[in-house]
Amino acid sequence: METPENSNKDNSGYESAEKIILRWDSTASEEGRERMIFGTDRQEADVYLQAVDEIQRSLSSASISDCSHNVDADNQSKVNTTIQIAMARLEDEFRNILIIHTSALEIDSLFDSSTSFSSSTPTHHDLEVDEDCISDDSGISRNNLLQLHHCESSDSSTYRTSSSIREVDLMPAEAICDLQAIAMRMIAAGYLRECIQVYGSVRKSSVDSSFRKLGIEKLSIGDVQRLEWEALEGKIRRWIRAARVCVRILFASEKKLCEQIFDCVGTDIDDACFMETVKGPAIQLFNFAEAISISRRSPEKLFKILDLYDALMEFLPDIEAVFDSKSSDSIRVQAAEILSRLAEAARGILSEFENAVLREPSRVPVPGGTIHPLTRYVMNYISLISDYKQTLIELIMSKPSTGSRYSGDPSTPDMEFTELEGKTPLALHLIWIIVVLQFNLDGKSKHYRDVSLAHLFMMNNVHYIVQKVKGSPELREMIGDDCLRKLTGKFRQAATSYQRATWVSVLYCLRDEGLHVSGSFSSGVSKTALRERFKTFNAMFEEVHRTQSMWLIPDGQLREELRISISEKLLPAYRSFLGRFRSHIESGKHPENYIKYSAEDLETAVLDFFEGYPAS
Amino acid sequence: MPATDYQASFLGRISIRRNQVIAMDGNHEQELQDLELFSKHVSERFAELLSSPDDVPFDALLSISWLRKLLDFFLCCEAEFKGILMMGNDPSQISKPPLDRLIPEFLDRSVKALDVCNAVTTGLESVRHYQKLAEIVVSALEQKPIGDGQSRRAKKALTSLMSAMNVDDKECSAAKATERSWSFSRRGVSSKDRVPEHFRSVSNQVAKNWSAAKQIQAMTNNLVPPRGADGSGLASPVYTMSVIMVFVMWALVAAIPCQERNGLLAIHFPAPKQVNWAQSIIGLHEKIGEEWKKKEKKGTAGLLDEMQKMEKLGNILMDFTDSFQFHGDITDQKAEEAAAHAAELAETCQRMEEGLLPLQMQIREVFHRIVKTRTELLNALDQVGKSSPPLL
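Residues numbered from 1 in each chain as written. Chains lettered and ligands numbered in written order. Predicted model: local features only at pLDDT ≥ 70, side-chain atom pairs only at ≥ 80, totals over all residues. Heavy atoms only, no water.

Brief notes about the overall build of chain B
Defined as follows: Only DSSP runs of H or I with at least four residues qualify as helices, and only runs of E with at least two residues qualify as strands; both kinds are numbered from the N terminus onward. Summary of the burial criterion: residues with accessible area below 20% of their type's maximum are buried, those above 50% are exposed, and those between are partly exposed, where the area comes from a 1.4 Å probe applied to protein chains only. Working rule for contacts: check all heavy atoms of both residues, and any pair within 4.5 Å makes them a contact. We get accessible surface area from the Shrake-Rupley algorithm with a probe of 1.4 Å; when it comes to residues, only the shown protein chains can shield them.
Helix and strand content of chain B: 10 helices and 0 strands. When the helices and strands of chain B are listed from N to C terminus, the series reads α-α-α-α-α-α-α-α-α-α. Put simply, chain B has 392 residues, and 55% of those count as buried. Considering only contacts within chain B whose residues lie at least 6 apart along the sequence, 82% involve residues at least 24 apart. Of the accessible surface of chain B, which amounts to about 17300 Å², a share of 53% is contributed by carbon and sulfur atoms.

Focus on the overall build of chain A
Along chain A, the regular secondary structure elements total 21 helices and 2 strands. A total of 616 residues make up chain A; the buried ones form 54% of that total. A fraction of 82% describes how many contacts in chain A between residues 6 or more apart in sequence connect residues 24 or more apart. By element, 51% of the accessible surface of chain A is carried by carbon and sulfur atoms, the whole surface being about 26800 Å².

Overview of the packing of aromatic side chains
The relative placement of two aromatic rings is captured by the distance of their centres and the angle of their planes. In plain terms, the rule: Any Phe, Tyr or Trp ring, taking Trp's six-membered ring, that has another such ring centre within 6.5 Å forms a pair; planes under 30 degrees apart are called stacked, those over 60 apart edge-to-face, and the others tilted. Charge-over-ring contacts are defined here by two conditions on Lys NZ or Arg CZ: a distance within 6 Å of the ring centre and an angle within 35 degrees of the ring normal.
For the structure on display, the rule yields 27 aromatic pairs over all chains. Plain terms: the ring middles of phenylalanine 81 of chain B and phenylalanine 106 of chain B are 5.4 Å apart, the flat faces sit at 50° to each other, and that makes the pair tilted. Within this pair, whereas phenylalanine 81 of chain B is found in helix H3 (residues 64–86), its partner phenylalanine 106 of chain B is found in helix H4 (residues 99–142), the two being separated by 25 residues in sequence. The pair formed by phenylalanine 81 of chain B and phenylalanine 106 of chain B is uniform in burial state, with each residue classed as buried. Taken together, the aromatic side chains of Tyr498, Trp503, Phe537, Phe541, Trp551, Tyr574, Tyr597, Phe609 and Phe610 of chain A make up a single cluster linked through ring pairs. Sitting above the plane of the tyrosine 508 of chain A ring, arginine 511 of chain A keeps its charged end 3.6 Å from the centroid.

Considerations on the pattern of salt bridges
Under the convention used in this document: Between Lys or Arg on one side and Asp or Glu on the other, a salt bridge is scored when a side-chain nitrogen of the former is within 4 Å of a carboxyl oxygen of the latter.
Under the counting rule described, the total for this entry stands at 55 salt bridges over all chains. For glutamate 542 of chain A, the salt bridge is made with lysine 596 of chain A, and the minimal N-O distance between the two is 2.8 Å. Here the residue glutamate 542 of chain A occupies a position in helix H19 (residues 527–548), and lysine 596 of chain A occupies one in the loop between helix H20 (556–586) and helix H21 (599–606), the gap between them amounting to 54 residues. Among the charged side chains, a network of salt bridges with common partners joins Glu91, Asp92 and Arg95 of chain A together with Lys156 of chain B.

Here's the deal with the packing of H4 of chain B against helix H7 (residues 235–255) of chain B
Residue and element names in this part refer to chain B. Note the following rule: Axis definition: a line fitted to C-alpha atoms, over the contacting stretch in the case of helices. Angles run 0 to 180 degrees between N-to-C directions. The labels follow the angle: roughly parallel below 35 degrees, roughly antiparallel above 145, roughly perpendicular from 65 to 115, and oblique for the rest. Handedness of a helix crossing follows the sense of rotation of the near helix relative to the far helix, less than a right angle counterclockwise being left-handed and clockwise being right-handed. Residue classes follow a fixed rule: Ala, Val, Leu, Ile, Met, Phe, Trp, Tyr, Cys and Pro count as nonpolar, while Asp, Glu, Lys and Arg count as charged, and any other residue, Gly among them, counts as polar.
It is the contact of H4 with H7, at a shortest axis distance of 10 Å, that shows an interaxial angle of 20°. With respect to each other, H4 and H7 are oriented roughly parallel. The way H4 lies across H7 gives a crossing that is left-handed. In contact with Leu99, Leu102, Ile103, Phe106, Arg109, Ser110, Ala113, Val116, Cys117 and Val120 of H4, H7 contributes Ala235, Val238, Met241, Ser242, Met245, Val246, Met249, Leu252 and Val253. For the contact of H4 with H7, the per-class residue count stands at 16 nonpolar, 2 polar and 1 charged.

Focus: the confidence of the model for chain A
Residue and element names in this part refer to chain A. Definition in use: What pLDDT reports is the predictor's confidence in each residue, on a scale of 0 through 100.
Of all residues in chain A, 83% attain a pLDDT of 70 or more, and the chain-wide mean is 82. The least confident element of chain A, judged by mean pLDDT, is strand E1 (residues 127–128) at 34; the most confident is helix H16 (residues 451–471) at 96. Every residue in residues 1–7 scores below 50 in pLDDT, and together they form 5 contacts with partners more than four places removed in sequence or on other chains.

Considering the environment of isoleucine 103 of chain B
All names here are of chain B. Note on placement: isoleucine 103 falls in helix H4. With 15 residues separating them in the primary sequence, isoleucine 103 and asparagine 118 have C-alpha atoms 23 Å apart. Apart from residues no more than four positions distant in its own chain, isoleucine 103 is found in contact with Ile94, Val238, Leu377 and Leu381.

Observations concerning unusual backbone geometry
At histidine 590 of chain A, a residue that is not glycine, the phi angle is positive and equals roughly 45°. The backbone of asparagine 222 of chain B shows a phi angle near 60°, a positive value even though the residue is not glycine. You can see asparagine 222 of chain B is positioned in the loop between helix H6 (212–219) and H7.

A closer look at helix H9 (residues 229–262) of chain A
Put simply, the rule is: Throughout, the bend at a residue refers to the angle made by two axes, fitted to the seven residues ending there and to the seven starting there.
Largest kink in H9 of chain A: about 40°, centred on cysteine 246 of chain A. The buried fraction of H9 of chain A is high, at 26 of 34 residues.

Remarks on H6 of chain B
Residue and element names in this part refer to chain B. What counts, and what does not: Each C-beta atom gives one direction from the helix axis, and the arc is the one those directions make.
Those residues of H6 not exposed but buried are Ala212, Ala213, Gln215, Ile216 and Met219. For H6, the angular spread of buried residues about the axis comes to 160°, placing them on one side. Against the buried residues of H6 lie H4 and H7.

Observations regarding the side chain of serine 293 of chain A
Looking at the secondary structure, you find serine 293 of chain A in helix H10 (residues 267–293). Not counting the four nearest positions on each side in its chain, serine 293 of chain A is found in contact with Ile338, Arg341, Leu342 and Ala345 of chain A.

Section: the nonpolar core
Definition in use: To define a nonpolar core, start from buried Ala, Val, Leu, Ile, Met, Phe, Trp, Tyr and Cys residues and group those joined through side-chain atoms within 4.5 Å.
If you look at the biggest cluster of nonpolar residues, it comprises 298 residues, and the most contacted ones within it are Trp239 and Phe251 of chain A. If one sorts the elements of this core by residue count, H4 of chain B sits on top with 22 residues. When neighbours within four sequence positions are excluded, tryptophan 239 of chain A is seen to be in contact with Leu285, Phe286, Phe288, Ala289, Leu308, Leu312 and Phe315 of chain A.

Comments concerning the confidence of the model for chain B
Residues and elements named next belong to chain B. Predicted confidence across chain B gives a mean pLDDT of 76, with 73% of residues reaching 70 or more. Averaged over each element, pLDDT in chain B is lowest for helix H1 (residues 10–20) (41) and highest for H4 (92). Contacts for the low-pLDDT stretch residues 1–24, under 50 throughout, to residues beyond four places or in other chains number 21 contacts. Across residues 174–203, where pLDDT falls below 50, the model places 62 contacts with residues more than four positions away in sequence or in other chains. We note a pTM of 0.83 for the whole complex and an ipTM of 0.82 for its interfaces.

As for the state of the cysteines
Each disulfide is one covalent bond, formed between the sulfur atoms of two cysteines. Worth spelling out the cut-off: Criterion for a disulfide: a pair of cysteine sulfur atoms within 2.5 Å.
This model, assessed by the stated rule, comprises 0 disulfides over all chains. Looking at cysteine 77 of chain B, it has no disulfide partner, and the nearest cysteine sulfur is the one in cysteine 76 of chain B, 6.7 Å off.

Take a look at the structure:
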């Protein structure tokens, strides 16, 4: 029960509070418009807040005590008006404080510090598929130079780091205090909605501005589908860097700010403010990744898609930590959906790649029987795949779709997977790719008119495959030594086939039978036959020399080995032939027409083989 | 067969086709049945959308619940369409005429539809914003008796709301969207010079040159009913589904504020006479077109029924708060009227509260479906390459 004394005190307290409020009514007084309460004079602010509290108190005490004679409808209305004036003013102050202390984040420093979070091991490097590429009817290599490369170590996204959310103080503590104080009053007076609106609009504008600085573009899905993949690769790289900053620093800091300001009034409110601020930008951010995840699949896209996948995986826990409220469900869900699509895309691309290798249709034989660009491309590609082993092993879960041993389909090779027990699906895919590559190369080799060249071609290419596998520990580990042995056997087999194809008939000239007449040793070597032999041998050898100097075995060691192997068969046979029969020729006319070469000459000539000399 | 035969009735067309083929194998029969069924379902569902508003319970055209029905309609048709597409016996059909042209066009339309979905989702955020502002108004006017303070509060919120709706609309109709920027050094904002506090504009999440109207216009490119022999097989359902897709996107954009809608009305729907759902779609198009014309005269924001109500009520309540401010006392009758209008506004807000999120989720579902079908079609196209024999 109020005593007259008390009510007087209350009244005077109320009245002076009311005066203060009215003084600052910007719709009414000039003075109210010109200055801000907060930010200039600490005392002014405190006085004002006290005034607001006073008015609030009288409002609530008025509603509690309904038997006080001081209260009637008019008074009630006046108090409400005063509150409204105060709230309008506080709203302005709130907005003003926010605006003044809103400065765009120092983006550059954020970039440096965010990348320093991750302990990067430079496992990646630029790889270029080499110069000659096949003709335009190839389904795989587009443009002249196909570059398979992925990001440099500083933004390589395959390292696994622990969650590195870093909240930045977006506002000085004093400002936050003021904002808190104002928010409390507004919410107490039932003006929560206004508070959230003001907060959201200013902060969102700031986030938008940060987005611009981070270079986050607004691309439509149509735009993304239309752009050249090379251009997109750069955008993906930039997006990954920017997204990391957004999720871990920008959004996290905004969240912290909301918590700081609205902490005292309950979590729902700071959630609401946070979502007001970041929902739109977050959706905009992820829309790009989504557009990439649904783009048309083709082999060259695999690695950037994996980079994107890795990056998202990496900061998915951060996304879940930052967007942990019910109202942000859609963002978490979208991120998960994008991840899933990226995974699907990776699987699809791998499958598509395998088909493309199988189907690769170019029929123009590579001159000189050297390494086919397809071989290079494929081996480079699977080397890169082995670099991404960590990610892909998790993603690739099923065996390659292939006919069984008895499929009977002549257009696909057979491969029995039960032989390869215990291998991961990824390894099976890689092995399958090599099988398919060989199958295709085999088909291509049949376009060579010269069957020796066909064998040489296979030897070169399978050897290259073996070298590439040996050269990469991860690849070797996945392919396995069994496979490697088989492949080695294959190219050795090809080498043998080549030798047979070329040299059997040449060496046939140096055989004994058919040269002796009447079967006795010393008498009757048919001079005619002998001359024929020499002539034939010379012609054949010259032809072989002419053509096969234009052939190429790129690998130095293999080239040497084959030459040695040829020499080992050729030279002794020739020497022996010369030894036995030269006298017969030299005793006749024009021996130089028949014995054109010494063994040393042949030895030297063999050194020309497989050098890839241009046609003279 | 002369082309005019295909202008005959739906049933007539089927019988002609049956006469053409003497021996039909069971699968072909099944396919035809599926196509018929598809067409039938489409026309039934279209008719439901168009039902007279006198029916109870019918959803007002372009209300949130009507839009949800529309999206349901899309999803059902899409599911059936996909079934027809994927059950086709001969997958290589896709690479042969006329599908070799129609499918890529369809895929292109799909991509545009995806962008429209995203733009509309952003637009719904704006609608949510209006809802929040309207809730302030409701909250202010809920208290009885309405005092000066509440009236002022309501007026402030109403001013923001109305200018937000107008600004967004202008930006949606403007040839280019200008970006707002606050001068951060600015101190002291007077309430007299109040700039709408929402400086978010719907254009914020969308690329500058992107125009919803232009996208939809582009979607109608090459959208012609299949003629002659093309009319059999998959060409017809592809056409039907395309028309549905374009119509749904068009209706969404008409209802919900999103960037750049100039010329939306001018978009012509090539509805062929011979399909049985032609009437319904023409009818819907006309109705929505009428609303749009009215809108252009009045200069209101998007056609969403709830938004129109909000605008109407907003204006009424604005008058009320004005009269409160300038005339002081108000009659009990006026107070009651205002309270009734406030209650209506509250109801509209409630419908938004209940319906906007599900609507957004449905749009997302539509997005997913379109992506899925597109991906499968792309895969199928790639597969077709596989079946050609490699050269030995």
